[in-house]
Structures are given as C-alpha cells and as structure tokens.
Amino acid sequence: MRIDLHTHSAVSDGTESPAEVMAQAARAGLDVVALCDHDSVAGWEEAREAGKAHGVEWVPGIEVSARHHGTSVHLLSYWHDPRDAEAEAMIAKTRDARVHRAQAIVDLLGQRYPVTWADVVEQSGGAVTVGRPHIADALVARGVVADRSAAFTEILRPGSAFYVPHYAPEVVDAVRTMRAAGGVPVVAHPYAGRAGAELPTRVVERAAAAGLVGLEVDHRDHTAEQRARLRDLAASSGLVATGSSDYHGAGKPNELGENLTSPEAYAALQAAR
Ligand code: AMP
Ligand code: FE
Ligand code: FE
Ligand code: ZN
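All of these numbers come straight from a predicted model, not from anything done at the bench.

(A) Spotlight on the overall build of the chain. The helix and strand inventory of the chain stands at ten helices and seven strands. For the chain, whose C-alpha radius of gyration is 18 Å, the value lies close to the compact-globule estimate of 19 Å for 273 residues. Across its three principal axes, the chain shows a C-alpha extent of roughly 50 × 45 × 40 Å. Expressed as a percentage of the 273 residues in the chain, the buried residues total 55%. Here the contacts in the chain between residues at least 6 apart in sequence split such that 74% fall between residues at least 24 apart. Here the chain has roughly 11200 Å² of accessible surface; of this, 51% comes from carbon and sulfur atoms. Of note, the chain has its 26 positive side-chain charges centred 4 Å away from the centre of its 36 negative side-chain charges.

(B) Region of interest: the pattern of salt bridges. What the rule picks out here adds up to 13 salt bridges. Of the charged contacts in the structure, one is a salt bridge between Arg229 and Glu225, with a shortest N-O distance of 2.5 Å. Of this pair, Arg229 and Glu225 both sit in helix 9 (residues 224-237), four residues apart, which is roughly one turn of the helix. Taking relative accessible area as the criterion, Arg229 reaches 32% and is therefore assigned partly exposed. If you follow the salt bridges from partner to partner, you end up with Glu198, Glu225 and Arg229 in one network.

(C) Fine view of the packing of aromatic side chains. A full pass over the atoms with the stated rule returns four aromatic pairs. Aromatic pair Tyr113 and Phe162: ring centres 5.7 Å apart, planes at 55°, arrangement tilted. Residue Tyr113 is found in the loop between helix 3 (85-110) and helix 4 (117-124), and its partner Phe162 is found in the loop between helix 6 (148-156) and helix 7 (171-180); the two are separated by 49 residues along the sequence. Phe162 matches Tyr113 in its accessibility class, with the two residues each being buried. Positioned above the aromatic ring of Tyr167 is the side chain of Lys93, whose terminal nitrogen or guanidinium carbon lies 4.3 Å from the ring centre.

(D) View of the coordination of the zinc ion (ligand 4). Coordination of the zinc ion (ligand 4) by the protein involves His6 (NE2), His8 (NE2), Glu63 (OE) and Asp246 (OD), with metal-donor separations of 2.1 to 2.3 Å. Here the zinc ion (ligand 4) and the iron ion (ligand 2) are spaced 4.4 Å apart. Of this pair, His6 sits in strand 1 (residues 3-7) while Glu63 sits in strand 3 (residues 57-68), and the two are 57 residues apart along the sequence. Of the residues examined, His6 reaches a relative accessible area of 0% and is grouped as buried.

(E) Summary view of the environment of Ala23. Here Ala23 lies in helix 1 (residues 18-27). It is 9.4 Å that separates the C-alpha atoms of Ala23 and Gly55, two residues lying 32 residues apart in sequence.

(F) Expanded view of the nonpolar core. Counting 28 residues, the largest nonpolar core has Leu75, Met178, Leu212 and Leu215 as its most contacted members. Secondary structure elements with two or more residues in this core: strand 3, strand 4 (71-78), helix 3, helix 7, helix 8 (201-209), strand 6 (214-218) and helix 9. Top contributing element to this core by residue count: helix 7, with five residues. Residues in contact with Leu215, not counting those within four places in the same chain, are Val186, Val187, Pro190, Val204, Leu230, Leu233, Ala234, Leu239, Val240, Ala241 and Thr242. Of all hydrophobic cores here, the second largest spans 19 residues; its members include Val106, Tyr113, Ala138 and Val145.

(G) The coordination of the iron ion (ligand 2), seen in detail. For the iron ion (ligand 2), the full set of protein donor atoms is Asp13 (OD), Asp13 (OD), His38 (NE2) and His248 (NE2), and the range of their distances to it is 2.1 to 2.8 Å. Its six donor atoms give the iron ion (ligand 2) angles of 50 to 158° at the centre, a pattern that matches the irregular case. In this structure the iron ion (ligand 3) is found 5.4 Å away from the iron ion (ligand 2). In this pair, His38 is assigned in the loop between strand 2 (32-35) and helix 2 (44-54) and His248 in the loop between strand 7 (240-243) and helix 10 (263-271), connecting sequence segments 210 residues apart. For His38, a relative accessible area of 6% gives the class buried.

(H) The arrangement of the sheet that holds strand 2 in detail. Within the open sheet, the seven strands sit side by side as 1-2-3-4-5-6-7. Their pairing is mixed. In this open sheet, the two edge strands, each paired with only one partner strand, are strand 1 and strand 7. In this sheet, neighbouring strand axes are inclined to one another by 35° on average, regardless of whether the strands run parallel or antiparallel. Across the sheet, helix 10 is in contact with strand 1, strand 2, strand 3, strand 4, strand 5 (184-187) and strand 7; its angle to strand 7 comes to roughly 120°.

Criteria and cut-off values
Residues numbered from 1 in each chain as written. Chains lettered and ligands numbered in written order. Predicted model: local features only at pLDDT ≥ 70, side-chain atom pairs only at ≥ 80, totals over all residues. Heavy atoms only, no water. Helix = DSSP H or I, 4+ residues; strand = E, 2+ residues; numbered from the N terminus. Rg over C-alpha atoms; globule rule 2.2 N^0.38 Å. Buried < 20%, exposed > 50% of the residue type's maximum accessible area, 1.4 Å probe, protein only. Contact = heavy atoms within 4.5 Å. Areas by Shrake-Rupley, 256 points an atom, 1.4 Å probe, with all protein chains shown as cover. Lys, Arg positive; Asp, Glu negative; His and termini not counted. Charge placed at Lys NZ, Arg CZ, Asp CG, Glu CD. Salt bridge = Lys/Arg side-chain N within 4 Å of Asp/Glu carboxyl O. Phe/Tyr/Trp six-rings, centres within 6.5 Å; stacked < 30°, edge-to-face > 60°. Lys NZ or Arg CZ within 6 Å of the ring centre and 35° of its normal. Donors = N, O, S within 2.8 Å, 3.2 Å for Na, K, Ca; no water. Core = buried A, V, L, I, M, F, W, Y, C linked by side-chain atoms within 4.5 Å. Tetrahedral: all angles 85-135°; square planar, octahedral: opposite > 155°, others 65-115°. Pairing = 2+ DSSP bridges. Axes fitted to C-alpha atoms, helices over the stretch in contact; angles between N-to-C directions.

Structure (structure tokens):
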C-alpha cells in the first residue's frame, strides 16, 4: 500500500486541477491520496469522482493555516464535516485575510517591480485560496525572477521588506475546532519552519491534549536528524507519525509518493475518526 496524505491542487497553490492530481497519483502508483488544499475544501467533489475513475482511494483533507505566536504553523486535517459552521467560519476568515494580505504585498512590490494585482488575479486562475505562490508566478511572468523558488528566496520570504503576514488562528484553537468538526488533525512539517523555527514540544503537547492525532514526520523539508527527533516525540506523546510528498504539481520539485505514510499509521488515523 502506497499512501500519500498531503497534496495540493490549483484550488490553492498547486498547478493541477483536483482531477489531474488524482490521475497523476494513479500514474505514480499510489493507492491512497489525500487532497489537502490550503484553507479550502473546494476540490473535494472533483477529487472524489476522479479517485473513483482512477481506482485511487481519495481522502478528504485540508491544510489549515494557523499560528503559534507570530510563526506560521500548518495543520493538516482529514475527514472533517465541511458543513461544520465553526470550522468553515474559521477557515473562511483566513481565506478572506489572505486576499487583503496578498493585495498589501502587491502594493509594496509595485513600488519596485512591474507587478500589479491584475497579474496576480490572472496567475491565480481559479484558485479559491490566494497565496504567495501566485504572487511569485506573477513575478515570474513579468521576468523579475526565474521561478517560484527564486521569488521566495529573493523577495517573498518572511523578513523581507515585501513580507506581510495574514490572520490565522492559534494552532491549539485550530486543532480543537477541526477535531470538533469530526476531523483528524496532524501537524504538517512541524520542524520545517523558516530560520529553524521548530514547533516547540510544549505546544505539541498542548495540541495533543486538545485533540491532535498526528505529526507529519517524513517530509522533504525535514533532515534525517529532525525526523528521528519527531518520531520520538510522536511516540512519547501518543501521536501517529505520517509521511507525505506535499505535492504542488509544477509549483515545487516535490514528487508524488516521495514520502509515504505506513498502512499501520493510516489505520491509526482512521481509528481516530
Ligand atoms: P502563503 O500560503 O502565502 O504563506 O505561502 C506559503 C506557500 O508557498 C507554501 O504553502 C508553499 O507551497 C509555498 N512555498 C514556500 N516556499 C516556497 C519555495 N521556496 N518555493 C516554492 N514554493 C514555496
Ligand atoms: Fe503550498
Ligand atoms: Fe504546508
Ligand atoms: Zn502543503
């Protein structure tokens, strides 16, 4: 069983439609795939149908933007009820804040580079959740940088003069809200924060008490040493250790299935539903 529990479509900052992601997953020989667009479930129907068509078990997921103090934390959640009013309100507030934040970044960029809000709207296509990758694409289209990665390292990273944060709920509150909505929350890439900002152990423990079920351990942004420490932390906190690709289509080098979740870990997530 090849299980990849973290992928993105063009509903957020991936480059392929939800159906294309599922088709690629079948080609990559995956058996189980979760679609986890940032702050949106808009791809669920399409991915569900495509999963059936391609014989891939599709898992409904989301990557909720959260914070711990000032630092960004990403929270994966599987199987929550998309009609849950509290979860939807929390997620919609972040989606809305992302638009204003992207406009603020473009206002700053416009003083220095030939980039406009119309460029970003064009690059984001049908995306429901706007993010810096769409601004990066606008910079690429204008010839300012070569690709998304260069846009991030040269211009869009936190600490840059062009960086603006956006509202997001505290991670422990996000865990509680997604759990109450029937979700199975797993912290995404907990040690992949910028400038070595690892999510502190005491926050993981508070999140576990609030209903956190797992930690994403095997992810390309973690070193072998970080994976070993995270695996120990998962074991000592009673959390499930997962692994995944964080696939973004052509938007990132990540390949489907490059990291996997074991069948035992997947069964433990299902048992927590
Ligand atoms: P935002 O959601 O606006 O905060 O932007 C964060 C997103 O940008 C992440 O979800 C990644 O998909 C993407 N990202 C972050 N760093 C890079 C990078 N170096 N190259 C390409 N994409 C990146
Ligand atoms: Fe992303
Ligand atoms: Fe993430
Ligand atoms: Zn992701």
